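Below are the chains, spelled out letter by letter.
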Amino acid sequence: MTRKKMKRIAVLTTGGDCSGLNSVIRSVVISATELGIEVLGIRNASDGLLSDPYQYEVLSVKKFVNFPYERMGGTMLGTNSSSAGAAGSKNVDDKQKIKIFAKAVKALKIDGIVTVGGDGGTSIMAEYCTKAGVPMIAVPKTIDNDTPYTEQAVGFATAREICVEALDRLDTTAASHHRVMILEVMGRSAGHIALHTAIAGGADICLIPEVRYSYKGVIKKLESVRKAGGKHSLIVVAEGIKTEDGKPLVAQKGDGLRYAGAGDFLQERINSMTNAFVVRTTVLGHVQRGGTPYALDRLIATCFGAKAVQMLSEGKSYYMTTWQGNKVVPVPLDKVVKTSTSKVDIKGDFVKTALSLGMYIGDVKPVRC
Ligand code: F6P
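Just so it is clear, the structure is predicted and the values come from calculations on it, not from any experiment.

In this section: the environment of Thr150. Here Thr150 lies in the loop between β5 (136-140) and α6 (156-177). Among the residues examined, Thr150 registers a relative accessible area of 7% and is labelled buried. Residues Thr150 and Pro140, spaced 10 residues apart in sequence, show a C-alpha to C-alpha distance of 8.0 Å. If we ignore the near neighbours within four places in the chain, the residues touching Thr150 are Pro140, Phe304, Thr322 and Trp323. A polar side-chain atom of Thr150 sits 2.7 Å from the main-chain carbonyl oxygen of Gln152.

Set out below in structure tokens:
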């Protein structure tokens, strides 16, 4: 049986934004146009197809010639952090949403969809697309870098760079004032951003959700830096760490539970145990998600976008593009959605390297490189 030629595909971004999303969109548009396929940019994730009227625009190559979207952070299409629900259809249940989505796909004559999302958004889009019977290729993005099977998700490289730059800046002020500086970074329940930042930025202590730590261990390390002649210290803390005895540091904020003040919490703990140090905390927050994407993110994003189009045009569907050993490797989506998020490998080389440098990362056995 001959396959129907793809005439029109859609691209959308779903979940939290990050740097590099516009490079995926640009790559999808240019490579699809090269193959004679038209691209619709769907606004605000699935919202664009769930709302009445539909929110989308035809994306032409000209759009990118006339404006350098790929040099900017954020997403030119907008996104929806809850991933599943259209603003205008909050009272509509999931079954109905899937029906509306399928109707939109048919009405707009969409032959395939490229979704750019994190784990939550990708699983939801996979369900929507499967039920609507429309081919889909997912592109992973998240500053947390916790998507399984891919060494890099779009957005991680830039976020990491921003965190390392922050640590560089904190270092000089910490040294001038002989202070302990705590930098709290994002990452949800994964410590990738924190650990990479701590190693690249020369921190003395790095606390990540994957490793149990103790307040005494932290103080001991700060004291040992002083004993060795150091007058200041840098600590990187992942937002997802728990208390010493394993209690989550979360608080009800607005629409749900959010990570709450890991950095401030640690500062308070240190202050309550000793007055030997002057401690200050910086919470980087959403700064990590904004601004110009670094080259690595643009590169990976562009490779992912082109591959996604190529796969759709070849009739392939329900795959996620992944980055493995400098190659784009497609992984079946059902494998991805069944696998839990990727955490820092406690036996991996980054942990070993941190330990070899004498960094305190918690109560792990001192395995060295
Ligand atoms: O998943 C990306 C991320 O930036 C996390 O690191 C962070 O915990 C969360 O999103 C913040 O979500 P929001 O933008 O909804 O506050």
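A word on the site of the ligand. The immediate surroundings of the ligand are formed by Ile143, Asp144, Met186, Gly187, Arg188, Glu239, Tyr259, His286 and Arg289. Asp144 places a polar side-chain atom, nitrogen or oxygen, 2.6 Å from an oxygen atom of the ligand. Within the side chain of His286, a nitrogen or oxygen atom sits 2.8 Å from an oxygen atom of the ligand. Protein contact buries 75% of the 400 Å² of open area that the ligand shows by itself. Judged by the fraction of its atoms near the pocket grid, the ligand is located in the largest pocket. Its residues assigned to classes, the shell around the ligand comprises three nonpolar, two polar and four charged.

Taken N-terminus to C-terminus, the directions of helix α8 (residues 215-227) and helix α9 (residues 262-273) make an angle of 75°; their axes are 10 Å apart at the nearest point. Of the possible angle classes, the one that applies to α8 and α9 is roughly perpendicular. The residues of α9 that touch α8, namely those facing Tyr215, Lys216, Val218, Ile219 and Leu222, are Phe265, Leu266, Arg269, Ile270 and Met273. Of the residues assigned to the contact of α8 with α9, the class counts are eight nonpolar, no polar and two charged.

Looking now at the sheet that holds strand β7 (residues 205-207). Taken in spatial order, the four strands line up as β7-β8-β6-β11 in an open sheet, and their pairing is parallel. Two strands lie at the open edges of the sheet, namely β7 and β11 (279-283), each paired on one side alone. The average undirected angle you get between the axes of adjacent strands in this sheet is 15°. Along the sheet, helix α7 (residues 192-201) contacts β6 (180-185), β7 and β8 (233-238); its crossing angle with β8, the most-contacted strand, is approximately 165°.

Attention now goes to helix α1 (residues 21-34). For α1, with 14 residues, the first-to-last C-alpha span of 20 Å sits near the 20 Å given by 1.5 Å per residue. Counted residue by residue, α1 has 10 buried out of 14 residues, so it is predominantly covered. Among the residues of α1, Leu21, Asn22, Ser23, Val24, Ile25, Ser27, Val28, Val29, Ser31 and Ala32 are the ones counted as buried. Phi turns positive, to about 75°, at Gly36, one or two residues after α1.

Procedures and definitions
Residues numbered from 1 in each chain as written. Predicted model: local features only at pLDDT ≥ 70, side-chain atom pairs only at ≥ 80, totals over all residues. Heavy atoms only, no water. Helix = DSSP H or I, 4+ residues; strand = E, 2+ residues; numbered from the N terminus. Buried < 20%, exposed > 50% of the residue type's maximum accessible area, 1.4 Å probe, protein only. Contact = heavy atoms within 4.5 Å. Polar contact = N/O pair within 3.5 Å; in protein donor to acceptor, adjacent residues only side chain to side chain. Near = heavy atom within 4 Å. Areas by Shrake-Rupley, 256 points an atom, 1.4 Å probe, with all protein chains shown as cover. 1 Å grid on protein atoms, 1.4 Å probe; cavity = no way out; pocket = protein on both sides within 12 Å on 5 of 7 lines; lining within 4 Å. Sits in = over half its atoms within 2 Å of the grid points. Nonpolar A, V, L, I, M, F, W, Y, C, P; charged D, E, K, R; others polar. Axes fitted to C-alpha atoms, helices over the stretch in contact; angles between N-to-C directions. Parallel < 35°, antiparallel > 145°, perpendicular 65-115°, else oblique. Pairing = 2+ DSSP bridges. Expected span 1.5 Å × (residues − 1).

By themselves, these figures tell us nothing about what the structure is for.
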